[in-house]
Amino acid sequence: MRRTLFLKFFLAFILFSVLGLAAVTFISSPLMYEQVKRNTARSFYEEASKISQTYGSELYNSEITIESAYNQLNALATYLSASIQIINPSGTVVLSTDEVLDTSNPVVIQNFDPAITEDSYYIVDRFFGTASEEMLSVFCPITSAYKIKGYVVIQRPLSTIVEESNRMMSVPYVTLGLLIILSLLFIFFFTGFVYAPLRKIILATEQYAAGNMHYEFTVKSDDEMSYLAGTLGYMAEQIARSEDTQKKFVANVSHDFRSPLTSIKGYLEAMLDGTIPPEMYEKYLTIVLNETERLTKLTNSLLQLNNLNTKGMTLEKSDFDMNQIIHNTAETFEGICQKKQIRIDLILTGEKMLVNGDMSKIQQVLYNLLDNAIKFSHHNSTITIETRVKHNKLFTSVKDTGIGIPKESLNLIFDRFYKTDLSRGKDKKGTGLGLSITKEIIHSHGENINVISTEGVGTEFIFTLPIVDDGELF
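Since this is a predicted model, take the numbers as computed values, not measurements.

What counts, and at which threshold
Residues numbered from 1 in each chain as written. Predicted model: local features only at pLDDT ≥ 70, side-chain atom pairs only at ≥ 80, totals over all residues. Heavy atoms only, no water. Helix = DSSP H or I, 4+ residues; strand = E, 2+ residues; numbered from the N terminus. Rg over C-alpha atoms; globule rule 2.2 N^0.38 Å. Buried < 20%, exposed > 50% of the residue type's maximum accessible area, 1.4 Å probe, protein only. Contact = heavy atoms within 4.5 Å. Areas by Shrake-Rupley, 256 points an atom, 1.4 Å probe, with all protein chains shown as cover. Patch = residues over 30% accessible without salt bridge, like charges linked within 9 Å, V, L, I, M, F, W, Y side chains within 5 Å. Salt bridge = Lys/Arg side-chain N within 4 Å of Asp/Glu carboxyl O. Axes fitted to C-alpha atoms, helices over the stretch in contact; angles between N-to-C directions. Left-handed = near helix turned anticlockwise from the far one by under 90°. Pairing = 2+ DSSP bridges. Expected span 1.5 Å × (residues − 1). Bend = angle between axes of the 7 residues up to and from the residue.

We now examine the overall build of the chain. Counting its secondary structure elements, the chain contains ten helices and twelve strands. The C-alpha radius of gyration of the chain comes to 51 Å, more than 25% above the 23 Å expected for a compact globule of 474 residues. Dimensions of the chain along its principal axes, counting C-alpha atoms only, are 165 × 60 × 35 Å. Across the 474 residues that make up the chain, the buried fraction comes to 37%. Put simply, 66% of the contacts in the chain that link residues at least 6 apart link residues at least 24 apart. Of the roughly 28000 Å² of accessible surface on the chain, 56% is carried by carbon and sulfur atoms.

Glancing now at a nonpolar patch on the surface. On the surface, a cluster of nonpolar side chains totalling about 990 Å² of accessible area is made up of Phe16, Val174, Leu178, Leu179, Ile181, Leu182, Leu185, Phe188, Phe189 and Phe193. With nine residues, helix α4 (residues 170-209) is the largest single contributor of residues to the nonpolar patch. Tracing the backbone through its elements, the reader meets Phe193 in helix α4.

On to the packing of helix α9 (residues 359-375) against helix α10 (residues 434-444). The geometry of α9 relative to α10 is characterised by a closest axis approach of 9 Å and an angle of 145° between their N-to-C directions. Between α9 and α10 the crossing geometry is left-handed. On α10, the residues that touch Lys361, Ile362, Gln364, Val365, Asn368, Leu369 and Asn372 of α9 are Gly434, Leu435, Ile437, Thr438, Ile441 and Ile442.

The subject of this paragraph is the sheet that holds strand β7 (residues 343-347). Ordered by their spatial adjacency, five strands build an open sheet running β7-β9-β10-β12-β11, and the pairing between neighbours is mixed. Taken across any chain shown, the strands that pair with only one partner, and hence form the sheet edges, are β7 and β11 (449-454). When the angles between neighbouring strand axes are averaged without regard to direction, this sheet yields 15°. Examined bridge by bridge, strand β10 (residues 393-399) and strand β12 (residues 458-466) share seven bridges and lie antiparallel to one another. Pairing of Lys399 across the sheet is with Glu460, part of β12.

Glancing now at the pattern of salt bridges. Counted according to the given criterion, the structure contains seven salt bridges. Among the salt bridges present, the one from Glu34 reaches Lys37, with a minimum N-O distance of 3.4 Å. Highlighted residues: Glu34 and Lys37, both in helix α1 (residues 5-60), separated by three residues, approximately one helical turn. By relative accessible area, Lys37 is classed as buried at 11%.

It is worth spelling out α1 at this point. What sets the pattern is the α-helix's 3.6 residues per turn: residues three or four places apart point alike. Over its 56 residues, α1 runs 77 Å from end to end, which matches the ideal 82 Å to within 8%, given 1.5 Å per residue. Residue Ser52 marks the point of greatest curvature in α1, where the axis turns by about 45°. Once α1 finishes, Ser62 follows within two positions and takes phi at roughly 60°, a positive value.

Bringing the sheet that holds strand β2 (residues 93-96) into the picture now. In spatial order, the strands read β2-β1-β5-β4-β3; together these five strands make up an open sheet with antiparallel pairing. Across the chains shown, the open sheet's two edge strands, defined by having one partner strand only, are β2 and β3 (122-125). Ignoring which end each strand starts from, the neighbouring axes of this sheet average 25° apart. In this structure, strand β4 (residues 135-144) lies alongside strand β5 (residues 147-157), joined through ten bridges in antiparallel fashion. The residue of β5 that forms the bridge with Pro141 is Tyr151. In this fold helix α2 (residues 66-80) packs onto β1 (83-87), β2 and β5, with an angle of close to 55° to the strand it touches most, β2. This element, helix α3 (residues 158-168), spans β3, β4 and β5 of the sheet and lies at about 50° to β5.

All we've got here are geometric facts, nothing functional implied.
Here it is, written out as structure tokens:
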């Protein structure tokens, strides 16, 4: 059986409970017993010392009668829950709170030896065989003129000390019980807030690993577990989208290759079988040539994108005048702009603007953006190329007043082969790779490119380049 995280926590809880109970029973209990015994002995010895200095000395100095001493010590013995005796060094019991002694028949403790305590002041035994159970006995000598006259002995049955120790042990046991309950609550909350969401995440990862990228799950919380679930779901969504993009990529490549190849094949077959007369060959060979150029352009774009992704883009950076590059690029579209009656307005910062980058690739970026702007602009419209300086960056904007981009397509226009539904009728010769290449070029410079568009109003692309530190504006 596979060990789960929950099982490990539960086994840890059982182990904690067993070890805690064992520790309290076999370690805390003996320690508590010893502590109670020592505290009791110390308390008895302090009382015995007081008795030795008062009633004991007075009794041996005949300053007080045995009856009077008995009454006083009996009250104290009741308070202490113990018995008090005064014993001669020979073992004769002079006074005992347990009973009234007969002076004509004295009680003698055989083998009485106070030295049995050695370095301590108490012993635990049957008190020289006189007690029916083990007793805690505390000795304190009564001295006069530097001689020991007798001993004050305070006793309590050891069973009462054990009972007191057991009562005090209720505190550790209750504490342990509370800790066990808290541990159970921890396991309960762990199951609800950690383990259950984790199981959902594990199940989701198993589904994703099996290829079901559209599996949906939710984790209702505001912590890292919810963030992990959200991130995992987003990752699966992106992978699913990547798979869909890959399928679309293959479909688009196939379509973009098949269309010109079908045209080329059709025209050549028509020439061979005589459907197209010789005097029309030049016209249709020109069409075939245009289709082959389209295939060449598509192939080169694919190779360029592949090289960008596998090897990274090699940049030949230098300082160049951005204004001049903009002028040169705009001039290349002069012919098509005249046909569509489109005007290109240049609003440039200064006469000269030095930036740092790969001049040829930045010119390709401008070409792609301006080409798109012209394709999707209406007749008798205006395209504006504007530059402005902000935070040591040059912001270059290419803005048209064309058909615009639908809101749902703004995040997709930089994807390979992506074309909006609005653009498909106008971009018949486009490969759908221009903006992808543009984005790769700008990102390889460590810069950003953004798009702002409103459907039916127009589109604006803005990208940045670093200004040369020692450049001057004229």
